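Each chain, written out:
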Amino acid sequence: MSSHQALVVAAAQAAGPCVAGEESAWQARVRALAVDLFVLGDVVARDIQRLGAATRFPATLLGVVMEESSTRGVLLLRNVSGEVEPAIRTDRGDTEAGAAMIARAQSLVGRRVLVYKEMEALASNPMHKVRVVVHLMDLGPETESIGEDEAKGHVLQAAAGDRDLALRGWQQASLPDRGPVTAAQLGGALACVQQMGRG
């Protein structure tokens, strides 16, 4: 069976049984589904190729900040050494893939993830490359606490150095005045800072 025949069979199965007297409409539906499956195959092939070329590293996802100028999400990641990773962005948020990655990243704040990243050349300057997340694999909740000084430093950084905004974000997230916090708590404070910063 050729690949095209296999697509037609899959499309016919997706379309369901043909009702007597509606053969023409059923055939049109099968044809449209077969074309959609063919296009989807190309998209999936590109995704897999991109994933195969990506490098991987484990980290804790502390927050996602939206970059208004590009509509991309910027991931705030704490690596296994306890350091904040350089900026790594999603695809543009005005694309289906970018919006899906932003939503996935937001759902994984406070968790350990395996980050698949690639270096993408900018359209405006092919010589300049940026780090782009291709996939995030959920490795479960982060169980290691984050020290007070480090956590407050992350919140202050998210507030762009605005100490009042950082303090309000910290308090809004109900974080303790003293002592270590969890990654999920820190993620909550970062989200509060982000929301307040927009207001």
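Scroll up to find the structure this text is about.
Given the structure is predicted, the values throughout are model-derived calculations rather than measurements. (Residues numbered from 1 in each chain as written. Predicted model: local features only at pLDDT ≥ 70, side-chain atom pairs only at ≥ 80, totals over all residues. Heavy atoms only, no water.)

Caption draft 1: Representation of the packing of aromatic side chains within the structure. Within the structure shown, the criterion is met by 0 aromatic pairs. Over the ring of W170 we find K152; its NZ or CZ atom is 5.5 Å from the centre of that ring. (Phe/Tyr/Trp six-rings, centres within 6.5 Å; stacked < 30°, edge-to-face > 60°. Lys NZ or Arg CZ within 6 Å of the ring centre and 35° of its normal.)

Caption draft 2: Fine view of a nonpolar patch on the surface. A contiguous nonpolar patch, built from V35, L37, F38, V39, L40, V43, V44 and I48 and spanning about 650 Å² of accessible area, is present on the exposed surface. In this structure, V35 sits in helix α2 (residues 23-53). (Patch = residues over 30% accessible without salt bridge, like charges linked within 9 Å, V, L, I, M, F, W, Y side chains within 5 Å. Areas by Shrake-Rupley, 256 points an atom, 1.4 Å probe, with all protein chains shown as cover. Salt bridge = Lys/Arg side-chain N within 4 Å of Asp/Glu carboxyl O. Helix = DSSP H or I, 4+ residues; strand = E, 2+ residues; numbered from the N terminus.)

Caption draft 3: Inspection of the nonpolar core at higher detail. One finds L62, I146, V155, V181 and L186 to be the most contacted residues of the largest nonpolar core, which totals 16 residues. Contributing elements (two or more residues each) for this core: α4 (148-158), α5 (163-172) and α6 (183-198). Ranked by residues supplied to this core, first place goes to α6 with 5 residues. Other than its neighbours up to four places away in sequence, V155 contacts A166, W170, L186, A189, L190 and V193. (Core = buried A, V, L, I, M, F, W, Y, C linked by side-chain atoms within 4.5 Å. Buried < 20%, exposed > 50% of the residue type's maximum accessible area, 1.4 Å probe, protein only. Contact = heavy atoms within 4.5 Å.)

Caption draft 4: Up close: the side chain of E67. You can see E67 is positioned in strand β1 (residues 55-67). Side chain to side chain, E67 and S70 meet in a polar contact 2.5 Å long. Ignoring anything within four residues of it in the chain, the contact list for E67 reads R72, V74 and R89. (Polar contact = N/O pair within 3.5 Å; in protein donor to acceptor, adjacent residues only side chain to side chain.)

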